[in-house]
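# Geometric and topological summary
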Amino acid sequence: MKMSNKSADGHPGFVEVRKFLHAGQQSYPRTLDLEAEPAEELRLTLAPGTKVGAALREVLAHFAQRGQRGGVGRICAGTVRALQYHRIENTSDVDRPYDYGPPYLLDGVITMVTGAITIGQNPQGQILLHCHAGFLDGNGTIHGGHLLLDTVEVGDDPLIIRLCLFSLGAFVVNSDEETRFSLLHPTPMES
């Protein structure tokens, strides 16, 4: 889905939604479900100057030793001083008509509004962090997209992140026929 901050008639405050049609075989309705227990819930407070991706990887490496290799999270509050993010753009490639565009770079005071984090892994077991977030730059302009957590540095206010880590399952990256992207799929795993 693609959203803009104005409706078709240009009215601000309303959202226009456009459906993306991918080139691959449709798999709708797409239902992927996996029950994974037990869960470990954490509240992290990252101090100013902390590199977010590195801090998350350190925490996740500790919990992976206890068998918790997948999870989800939420950026709840805080500021950052540097980040990069991508947005989906149209391409001229018939097989992959949408792809992430070049990174947008933001510096200065950036206020985090929200962020949804998926903690996954590649087939070799290396930690992958996927995050879609919304944030305000120093002028109050709204930004949002695929946030590259390894580029984010905590600003003057601590960054609050809630995590829910689980065992007996993980999100493992695999190719997706419909979108032609590599996506994180729920996958059963032994503890």
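Below: a short report on this structure. (Residues numbered from 1 in each chain as written. Predicted model: local features only at pLDDT ≥ 70, side-chain atom pairs only at ≥ 80, totals over all residues. Heavy atoms only, no water.)

### Looking at the packing of aromatic side chains
In the structure shown here, the tally under the stated rule is two aromatic pairs. Taken together, a centroid distance of 5.1 Å and an interplanar angle of 20° make the contact between Tyr-85 and Tyr-104 stacked. With Tyr-85 in strand β5 (residues 79-86) and Tyr-104 in strand β8 (residues 104-121), this pair connects stretches of sequence that are 19 residues apart. Consider the rings of Tyr-85 and Phe-135, whose centres lie 5.1 Å apart with planes at 80°: the pair is edge-to-face. Of this pair, Tyr-85 sits in strand β5 while Phe-135 sits in strand β9 (residues 127-136); the two residues are 50 residues apart in sequence, bridging distant segments of the chain. In this pair, the class of Tyr-85 matches that of Phe-135, namely buried. (Phe/Tyr/Trp six-rings, centres within 6.5 Å; stacked < 30°, edge-to-face > 60°. Helix = DSSP H or I, 4+ residues; strand = E, 2+ residues; numbered from the N terminus. Buried < 20%, exposed > 50% of the residue type's maximum accessible area, 1.4 Å probe, protein only.)

### Remarks on the pattern of salt bridges
Scanning all chains against the criterion turns up five salt bridges. Of the charged contacts in the structure, one is a salt bridge between Arg-57 and Asp-150, with a shortest N-O distance of 2.7 Å. Of this pair, Arg-57 sits in helix α1 (residues 52-64) while Asp-150 is found in the loop between β10 (142-147) and β11 (153-154), placing the two residues 93 residues apart along the sequence. Looking at Asp-150, the relative accessible area reads 49%, which means it is partly exposed. Close ionic contact of Glu-153 with Arg-81 constitutes a salt bridge, the shortest N to O distance being 2.8 Å. Pair noted here: Glu-153 is in strand β11 and Arg-81 is in strand β5, with a separation of 72 residues, a long-range link. Assessed through its relative accessible area of 18%, Glu-153 is described here as buried. (Salt bridge = Lys/Arg side-chain N within 4 Å of Asp/Glu carboxyl O.)

### Observations regarding the nonpolar core
With 29 residues, the main nonpolar core has Leu-83, Leu-147 and Ile-161 as its most contacted residues. Elements that contribute at least two residues to this core include exactly β3 (39-46), α1, β5, β8, β9 and β12 (159-166). Look past the residues within four positions of Ile-161 in its chain and what remains in contact with it is Leu-42, Arg-43, Leu-44, Leu-46, Val-52, Leu-56, Arg-74, Ile-75 and Ile-117. (Core = buried A, V, L, I, M, F, W, Y, C linked by side-chain atoms within 4.5 Å. Contact = heavy atoms within 4.5 Å.)

### Regarding the side chain of Asp-137
Structurally, Asp-137 can be placed in the loop between β9 and β10. Despite its burial, Asp-137 pairs with no opposite charge, the nearest such side chain being Arg-87 at 11 Å. Engagement of the side chain of Asp-137 in a polar contact is seen with the side chain of His-143, the distance being 2.9 Å. Look past the residues within four positions of Asp-137 in its chain and what remains in contact with it is Val-109 and His-143. (Lys, Arg positive; Asp, Glu negative; His and termini not counted. Polar contact = N/O pair within 3.5 Å; in protein donor to acceptor, adjacent residues only side chain to side chain.)

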